[in-house]
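# Working through the structure, step by step
If you want the building blocks of each chain, they are given just below.
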Amino acid sequence: MGVSVEEFLEMLRQLPEVEQNDGGSWVSLKVRGKGFGYVWDQTETVGLKSTIEEQIALVAERPDVFEPQFTAGRFGWVVVSLAKIDADELFELVTEAWCLTAPKHLVDAYEAGARPN
């Protein structure tokens, strides 16, 4: 169990049009100029966009892995401890964050290619 920062950044290659911007002590993750995540190398954590309901559920279920970051409108951001999560679950969460942010046509194209008919 556990995912390194490098492994997480490699996961992002599977999602279209992900932009990484160095913010000094963090890297912001964007699609088409809109943010869906952050990576903090020093603390080996990532912050991901989610629904408020999912944020609450994740934190309640496993507070050792997830902590609330902030809420903005209908979204709740969650901080994920990379050392305490497996790669499949993390990829699912980052994909959901990307899908909440990317334009619908980009999400539709990704899902059509990512899921066999």
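For the structure itself, look to the data block above.
Here is what the cut-offs are and how they apply
- Residues numbered from 1 in each chain as written.
- Predicted model: local features only at pLDDT ≥ 70, side-chain atom pairs only at ≥ 80, totals over all residues.
- Heavy atoms only, no water.
- Patch = residues over 30% accessible without salt bridge, like charges linked within 9 Å, V, L, I, M, F, W, Y side chains within 5 Å.
- Areas by Shrake-Rupley, 256 points an atom, 1.4 Å probe, with all protein chains shown as cover.
- Salt bridge = Lys/Arg side-chain N within 4 Å of Asp/Glu carboxyl O.
- Lys, Arg positive; Asp, Glu negative; His and termini not counted.
- Charge placed at Lys NZ, Arg CZ, Asp CG, Glu CD.
- Helix = DSSP H or I, 4+ residues; strand = E, 2+ residues; numbered from the N terminus.
- Buried < 20%, exposed > 50% of the residue type's maximum accessible area, 1.4 Å probe, protein only.
- Core = buried A, V, L, I, M, F, W, Y, C linked by side-chain atoms within 4.5 Å.
- Contact = heavy atoms within 4.5 Å.
- Phe/Tyr/Trp six-rings, centres within 6.5 Å; stacked < 30°, edge-to-face > 60°.
- Lys NZ or Arg CZ within 6 Å of the ring centre and 35° of its normal.
- Polar contact = N/O pair within 3.5 Å; in protein donor to acceptor, adjacent residues only side chain to side chain.

Before going further, it helps to spend a moment on a negative patch on the surface. A contiguous patch of negative charge, built from E6, E7, D41 and E44, is present on the exposed surface. Tracing the sequence through the fold places E44 in the loop between strand 3 (34-40) and strand 4 (45-51). Looking at E44, the relative accessible area reads 44%, which means it is partly exposed.

The next point concerns the nonpolar core. As a rule of thumb, soluble globular proteins bury nonpolar side chains together. Within the largest apolar cluster, 30 residues are counted, with the highest numbers of intra-cluster contacts made by F8, L48, F66, V80, L90 and W98. Mapped by element, the contributors of at least two residues to this core are helix 1 (5-11), strand 2 (27-31), strand 3, strand 4, helix 2 (52-61), strand 6 (75-81), helix 3 (87-101) and helix 4 (104-114). Of all the elements, helix 3 adds the most residues to this core, at six residues. Excluding its chain neighbours within four sequence positions, the residues that come into contact with W98 are L15, P16, V18, V31, F36, L106, V107 and Y110.

Another point: the packing of aromatic side chains. The full count for this structure, using the stated rule, is four aromatic pairs. Ring centres of Y38 and W40 lie 6.0 Å apart, and the angle between their planes is 25°; on these two criteria the pair is classed as stacked. The class of Y38 is partly exposed, set by a relative accessible area of 25%. The rings of Y38, W40, F70 and W77 are connected pair by pair, giving a single aromatic cluster. If you follow K49 out to its NZ or CZ, it ends over the ring of F75, 4.3 Å from the centre.

A few words on the pattern of salt bridges. Tallied over the entire structure, the rule returns five salt bridges. A salt bridge links R13 to E10, with the nearest nitrogen and oxygen atoms 3.6 Å apart. Ionic pairing is found between E17 and R32, a salt bridge with its closest N-O pair at 2.5 Å. Highlighted residues: E17 in the loop between helix 1 and strand 1 (18-22) and R32 in the loop between strand 2 and strand 3, separated in sequence by 15 residues. Residue classification places E17 among the partly exposed residues on the basis of a relative accessible area of 38%. Ionic contacts of the salt-bridge type, sharing partners, join the residues E61, R62 and E89 into one network.

With that out of the way, let us pick up the environment of I85. With respect to the helices, strands and loops of the structure, I85 is situated in the loop between strand 6 and helix 3. Between the C-alpha atoms of I85 and M1, which are 84 residues apart in sequence, the distance is 6.1 Å. Here I85 is in contact with M1, G2, V3, V65, F66, V80, L90 and L93, once residues within four sequence places are set aside.

Within the secondary structure, T101 sits in helix 3. Among the polar contacts listed, one links the side chain of T101 to the side chain of K49, at a separation of 3.3 Å. Within polar-contact distance, the side chain of T101 engages the backbone oxygen of A97 at 2.9 Å. Not counting residues up to four positions away in its chain, the partners in contact with T101 are V31, K34, G35, F36 and K49.

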